[in-house]
Amino acid sequence: MTDRVAVIDHSALVELVGLLHAEGYVVVGPTLRENAIVLAELDDGDDLVSGWGVDTEAGRYRVVRRADDAVFAHSAGPQSWKSFLHPARRRLLSTDTSDGDLTVEPEPEPSRRMAFLGVRPCDLVAIGVLDRVLAGGRYPDPGYTARRDGVLVIVANCTEPGATCFCVSMGGGPRAPAGFDLALTERVDDAGHRFLVEVGSAAGEELLAALPHRAATDADLRVADDDLADAAEHMGRAMPEVDLRALLVDSRESPHWAEVASRCLACGNCTMVCPTCFCTTTEEVTDLTGEHGERWQRWSSCFDLDFSYLHGGEVRTSRQSRYRQWMTHKLSTWYDQFGSSGCVGCGRCIVWCPVGIDITEEAASLTALASREVGT
Amino acid sequence: MAERSTPTLAVWKFTSCDGCQLTLLDCEEDLLALTGQVEIRHFLEASSRADPGPYDVSLVEGSITTAEQERLIRQVREWSRVLVTIGACATAGGVQALRNFADVEEFRSVVYATPSYVDTLATSTPIAAHVRVDYELRGCPIDRRQLVAVLSAFLAGREPDLPDDSVCTECKRRGNTCVMVADGTPCLGPVTHAGCGALCPTYRRGCYGCFGPVRAPNTRSLIRQLRVCGMGDAELDRVFHTFNAAAPGFASARGETDEPSQ
Amino acid sequence: MTTAAAPTHARRPDPMTPVPHRVIERRRETHDTVTLRLAPTGSALPPFRPGQFTMLLAPGVGEVPISVSGDPTATDGVLEQTIRVVGAVTRALTGTPVGGVVGARGPYGTEWDVPSARGGDLVLVGGGCGLAPLRPALLEALAHRAHYRRVVAVLGARDPENLVFADQMARWRRRADVEVHVTVDRAGPDWPGRVDLVTAPLAETALEPARTVALLCGPEVMIRRCAALLLDRGVPATRVRVSLERNMKCGIGHCGHCQLGPLLLCRDGPVVPYSAAAPQLAVREL
């Protein structure tokens, strides 16, 4: 019987990638590409980012060299696991009408199994949100479930949250309580570079057994507990402590939307980087004979004017109505539709907004306006 | 499939550099397939054949800069069931629309040896300022995939997929890291019409807006951020003052560049 | 190797894959509206309930949500759909000749729940193409006529040329057990019927408000006015049901396009009690 909690060193982490490859997994994890720590398929363990952190602010992201060679000491990057579970563009089906009849060929479901290495607790919550939207209803999306079902999840708990992180105020935190195969908590100090490993499944247990490791001591556990408790205290941002669901519905006619719209570019970046924004549109493609067709699905955004097009015109023409739709959906109507918040507090929408619109600040402004209304 | 007669296609050039028509010739294999599906009846860039209309589809390149062109475009419209403008000259007046902000007489006298040879209007205007346009293909030059997609959509009786989204949506779908947020590189992507596939940002360059503005672009807000990225007044003026200078969404941006940074 | 973290989902038929259907009958309703009868070339879709819609595919052109307008008591698997031309897809669908093949998937969405009116009065108000989703409701009520007290249909259109189901309307009008009011917004001198908004006959209809179920479908402004009138007359908002329309790309709650505040209209609609719809319809650009 393997220990449920163990400690591995950096070389064992590198080895883990090879082990997963040997098991037939496509391994996706954080790697440095150009000026960002992105999620990408890893050729081997050395592809994992090492010794880089990030400095984030509203509308700003910079990678920074660290004094140590930490792997997971960075907050969310430009993409999320959504890119791998719910791809930006995918073929849904092919049609053929060459014999006068219609033949519809659904896209074969992907068969490759993925291992996600370095899933942040906020992103694990986000995957759960996507599960409820795309697989939890009456009509599970077979493409999504095919990708999702085989995924092996290796969490990286957050010891260094960023300036734009606010998972704690969204009910999450820097430590994933469950829902993983393995969870790592990284520590670099005089005693060396190591990872506390928690086992969450039989698959995780087998992996750990195949890696050089030692049993975790009480001291190891205490250090990780302290680091993660400390991280929870150091969130760069926080949502106001109000009932956000009610706040947003009550703020539908708020003058604040016009103010946000003066800054909002309606470019859709927040929706694209959001780990839970799931909206798509479809496009038809035909060859020049018109007999062979394909239907594709691609990410779409409620900030696009076309998004609300109904014969005769768009429903949400003003920028303020589109920003209101997005933020209200995230924080409020998502509960009505899917039983939870659509926001997990990862901060990506704040970082990757070209003009740095900050959902926590907008929520604070709405809160202030609402309380002023109540006060008068 | 019901029998149908072969649709006819015409390609027209007004004031332009021919680059967008060349994009059609660049389609190579697709162009061969296309000639099997449509009859190209008028395409002087490729062939001396110039059969009379009516045409099912006309692709129109170039802007209107002479009185003769003003007459011809009305004719083309009458001859064409579907009229598609291709490229920034046709959709926004092109780089030659810079004259709209200056004195053409002065240009004429300074630039040309024999000014009297030059017969021109005071402005360069997009095709849509003169006749009804069914679809617009943006860009300088246009995107080859979009051109083929529009022609296949036409052949299938489909509305072409020309979303009025920002370049950012394409950039993000490609998995690019934002050049403005991560590198501090000024980029017009957030206010620029999609269609190029985020070509420049994919090569870590800022978008310079050759596809023209999205509908109702918030250039005022973007300009504040471009200043943060280090752009000064002159650069700001220049960046909105290129191929789509006369497109209303960008033309108005020039007035907003005077705003001091915050 | 098994993974505890990943839920295992049951494999079901792909809900995004349309089933080929052959056009077996094509009936022109108005200058821009056609009713198609569609027979599955293979296995049929599950039976529909009045108010539900399907996603219809014109191959190579695109897919749109269309209400089922046929008889819910039929068991032949044939779909009847009434389609107004508003764009390229509807143009291609309505232009499909008899013998041509289109795709269909569904049925999706909520139903009118006609049986909930049993023992009381049933009022249907339809404007323009809004009659299409109401027709199955009326057919269902008439198939079980004894269960209902009054059955009232108030049907309107812009002008006589835009009235759909004209033949059937004439047959309904001859029946003694259903009260049919047809009205148009404007008409030439040869129109023998009434020129008025649908609210006028609705205001005059004898009703027992507390025992009335009203089903409304048509332009949003018509829905709001008729609902206001019915509420004024004392019909509870929960017993006024409206069919709402938004852009839809998937029909199964995944594309996000059909949101109206808390509602995903493909899933929580298209039929929504007015008590749930009213707060959303009151907000501009929602």
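Residues numbered from 1 in each chain as written. Chains lettered and ligands numbered in written order. Predicted model: local features only at pLDDT ≥ 70, side-chain atom pairs only at ≥ 80, totals over all residues. Heavy atoms only, no water.

In the annotation of an unreviewed UniProt entry, chain C is listed under the name NAD(P)H-flavin reductase and assigned to Streptoalloteichus hindustanus.

As annotated in an unreviewed UniProt entry, chain A is 4Fe-4S dicluster containing protein from Streptoalloteichus hindustanus.

K.L.:
Explain the overall build of chain A to me, using residue names and the numbers behind them.
P.N.:
Per the secondary structure count, chain A includes twelve helices and 16 strands. Whereas a compact globule of 376 residues would reach a radius of gyration of roughly 21 Å, chain A reaches 22 Å, a difference of no more than 12%. Across its three principal directions, the C-alpha atoms of chain A cover 70 × 65 × 40 Å. Here chain A, with 376 residues, has 62% of them falling under the buried criterion. In chain A, the proportion of contacts linking residues at least 24 apart, taken out of those at least 6 apart, comes to 70%. One finds the centroid of the 35 positive side-chain charges in chain A at a distance of 5 Å from the centroid of its 57 negative side-chain charges. (Helix = DSSP H or I, 4+ residues; strand = E, 2+ residues; numbered from the N terminus. Rg over C-alpha atoms; globule rule 2.2 N^0.38 Å. Buried < 20%, exposed > 50% of the residue type's maximum accessible area, 1.4 Å probe, protein only. Contact = heavy atoms within 4.5 Å. Lys, Arg positive; Asp, Glu negative; His and termini not counted. Charge placed at Lys NZ, Arg CZ, Asp CG, Glu CD.)

K.L.:
Report on the overall build of chain C, specifying residues and quantitative values.
P.N.:
A count of helical and extended segments in chain C gives six helices and 15 strands. Whereas a compact globule of 286 residues would reach a radius of gyration of roughly 19 Å, chain C reaches 19 Å, a difference of no more than 12%. C-alpha extents for chain C along the principal axes are approximately 70 × 45 × 40 Å. Every one of the 286 residues in chain C was classed for burial, and the buried ones make up 59%. Excluding contacts between residues fewer than 6 apart, the proportion of contacts in chain C whose partners are at least 24 apart in sequence is 71%.

K.L.:
Tell me what's going on with a nonpolar patch on the surface, and back it up with residues and numbers.
P.N.:
A surface patch of nonpolar side chains, amounting to about 420 Å² of accessible area, comprises Phe107, Val110, Val111 and Tyr112 of chain B. Examined against the element boundaries, Val110 of chain B turns out to sit in helix 5 (residues 104-111). (Patch = residues over 30% accessible without salt bridge, like charges linked within 9 Å, V, L, I, M, F, W, Y side chains within 5 Å. Areas by Shrake-Rupley, 256 points an atom, 1.4 Å probe, with all protein chains shown as cover. Salt bridge = Lys/Arg side-chain N within 4 Å of Asp/Glu carboxyl O.)

K.L.:
Pulling in residues and values, what's your account of the sheet that holds strand 8 (residues 113-119) of chain A?
P.N.:
All names here are of chain A. With respect to topology, eight strands assemble into an open sheet ordered 3-2-8-9-10-11-1-12, the strand pairing being mixed. Since the sheet does not close on itself, it has two edges, and those belong to strand 3 (36-41) and strand 12 (214-215), each with one partner. In the sheet, strand 8 pairs with strand 9 (residues 152-156) via four bridges, with the strands oriented parallel. Looking across to strand 9, one finds that Phe116 is bridged to Val153. Most of the contacts of helix 1 (residues 10-22) go to strand 1 (residues 5-9), to which it runs at about 100°, and overall it touches strand 1, strand 2 (25-33), strand 8, strand 9, strand 10 (182-189) and strand 11 (192-199). (Pairing = 2+ DSSP bridges. Axes fitted to C-alpha atoms, helices over the stretch in contact; angles between N-to-C directions.)

K.L.:
If you had to explain the packing of helix 8 (residues 256-263) of chain A against helix 10 (residues 319-338) of chain A to someone new, which residues and values would you point to?
P.N.:
All names here are of chain A. Relative orientation of the contacting elements helix 8 and helix 10 amounts to 105°, with a least axis distance of 8 Å. On the basis of the axis angle, helix 8 is roughly perpendicular to helix 10. Across the interface between the two elements, Trp257, Ala258, Val260 and Ala261 from helix 8 touch Arg319, Gln320, Tyr323, Arg324, Met327 and Thr328 from helix 10. (Parallel < 35°, antiparallel > 145°, perpendicular 65-115°, else oblique.)

K.L.:
So, the interface of chain A and chain B: which residues are in play, and what are the values?
P.N.:
Contacts between the two partners involve 40 residues from chain A, matched on the other side by 38 residues from chain B. Contact between chain A and chain B buries roughly 3300 Å² in total, counting both sides, with carbon and sulfur atoms accounting for 52%. Of all residues in chain A, Leu265, Leu288 and Arg298 of chain A bury the most surface against chain B, accounting for 21% of the area lost on that side. For the pair chain A and chain B, the interface holds four salt bridges. A salt bridge links Glu34 of chain A to Arg204 of chain B; the shortest N-O distance between them is 3.8 Å. In this assembly, chain A and chain B are joined by 17 residue pairs in polar contact (both at pLDDT 80 or more). If you list the elements that add at least two residues to the side of chain A that touches chain B, you get strand 3, strand 5 (60-65), helix 8, helix 9 (269-273), strand 13 (280-286) and strand 14 (292-299) of chain A. Here the side of chain A that touches chain B gets four residues from one element, more than from any other, and that element is strand 13 of chain A. (Buried area = accessible area lost by both parts, 1.4 Å probe. Polar contact = N/O pair within 3.5 Å; in protein donor to acceptor, adjacent residues only side chain to side chain.)

K.L.:
Could you give an account of the packing of aromatic side chains, with specific residues and numbers?
P.N.:
For the coordinates displayed, the defined rule picks out 18 aromatic pairs over all chains. Here Tyr139 of chain A and Tyr108 of chain C contribute two aromatic rings whose centre-to-centre distance is 5.2 Å and whose plane-to-plane angle is 85°, an arrangement assigned as edge-to-face. Of this pair, Tyr139 of chain A sits in the loop between helix 3 (121-135) and helix 4 (142-149) while Tyr108 of chain C sits in strand 6 (residues 101-108), each in a different chain. Relative accessible area serves as the criterion here: at 3%, Tyr108 of chain C is assigned to the buried category. Geometrically, the ring pair formed by Tyr208 of chain B and Phe243 of chain B is tilted, given 5.9 Å between the ring centres and 55° between the ring planes. Placement of the pair is Tyr208 of chain B in the loop between helix 9 (199-202) and helix 10 (219-228) and Phe243 of chain B in the loop between helix 11 (233-239) and helix 12 (248-251), with a sequence separation of 35 residues. According to the relative accessible area criterion, Tyr208 of chain B is partly exposed, its value standing at 29%. Using a relative accessible area of 21% as the deciding quantity, one classes Phe243 of chain B as partly exposed. Three or more aromatic residues joined by ring pairs make a cluster, and in this case those are Trp257, Phe303, Tyr323 and Trp326 of chain A. Across from the ring centre of Trp296 of chain A, 4.2 Å away, lies the NZ or CZ of Arg89 of chain A, which sits over that ring. The ring of Phe165 of chain C is capped by Arg135 of chain C, whose NZ or CZ atom sits 5.1 Å from the centre of that ring. (Phe/Tyr/Trp six-rings, centres within 6.5 Å; stacked < 30°, edge-to-face > 60°. Lys NZ or Arg CZ within 6 Å of the ring centre and 35° of its normal.)

K.L.:
Got a sec to walk through helix 10 of chain A? Specific residues and values, please.
P.N.:
Residues and elements named next belong to chain A. At His329, helix 10 is deflected by roughly 60°, the largest bend along its length. Burial analysis of helix 10 places 16 of its 20 residues in the buried class, the great majority of the element. Looking at the residues trailing helix 10, positive phi occurs at Gly339, about 80°. (Bend = angle between axes of the 7 residues up to and from the residue.)

K.L.:
Can you tell me about the interface of chain A and chain C, naming the residues and giving the values?
P.N.:
Chain A puts 67 residues into the contact, and the matching count from chain C is 54 residues. Interface of chain A and chain C: buried area, both sides summed, is about 4900 Å²; carbon and sulfur atoms make up 53% of it. Of all residues in chain A, the largest losses of buried area upon contact with chain C belong to Leu102, Tyr139 and Asp149 of chain A, amounting jointly to 13% of the total for that side. Where chain A meets chain C, there are two salt bridges.

K.L.:
Give me the pairing of strand 7 (residues 103-106) of chain A: which residues, what numbers.
P.N.:
Residues and elements named next belong to chain A. In this sheet, strand 7 lies alongside strand 6 (residues 89-96) in antiparallel orientation, the contact comprising four bridges. Paired with Thr95 across the two strands is Val104, which belongs to strand 7. Hairpin connection from strand 6 to strand 7: six residues lie between these consecutive antiparallel strands, with Gly100 at a positive phi of about 90°.

K.L.:
Please set out the UniProt feature "domain: FAD-binding FR-type" (unreviewed entry) in chain C residue by residue, giving values where relevant.
P.N.:
Mapped onto the present numbering, the UniProt feature "domain: FAD-binding FR-type" (unreviewed entry) falls on residues 16-114 of chain C. For residues 16-114 of chain C, the helix share is 7%, the strand share is 46%, and the end-to-end C-alpha distance is 29 Å. (UniProt positions renumbered as here; feature names shortened; annotations may be inferred.)

K.L.:
Please give an account of unusual backbone geometry that cites residues and values.
P.N.:
Glycine aside, a negative phi is what most residues show, and trans is what most peptide bonds show. The omega torsion across Gly53 of chain B and Pro54 of chain B is 5°, close enough to zero to call that bond cis. Tracing the chain through its elements places Pro54 of chain B in the loop between strand 2 (39-43) and strand 3 (55-61). In this model, Cys140 of chain B is joined to Pro141 of chain B through a cis peptide bond whose omega is 0°. Tracing the backbone through its elements, the reader meets Pro141 of chain B in the loop between strand 5 (135-137) and helix 6 (144-156). The phi dihedral of Asp113 of chain C falls on the positive side, at around 60°, and the residue is not glycine. By the element assignment, Asp113 of chain C lies in the loop between strand 6 and strand 7 (121-127). A positive phi angle, close to 60°, is found at Glu285 of chain C, a residue other than glycine. With respect to the element layout, Glu285 of chain C can be found in the segment after helix 6 (274-281). Note on Glu285 of chain C: relative accessible area 18%, which makes it buried.

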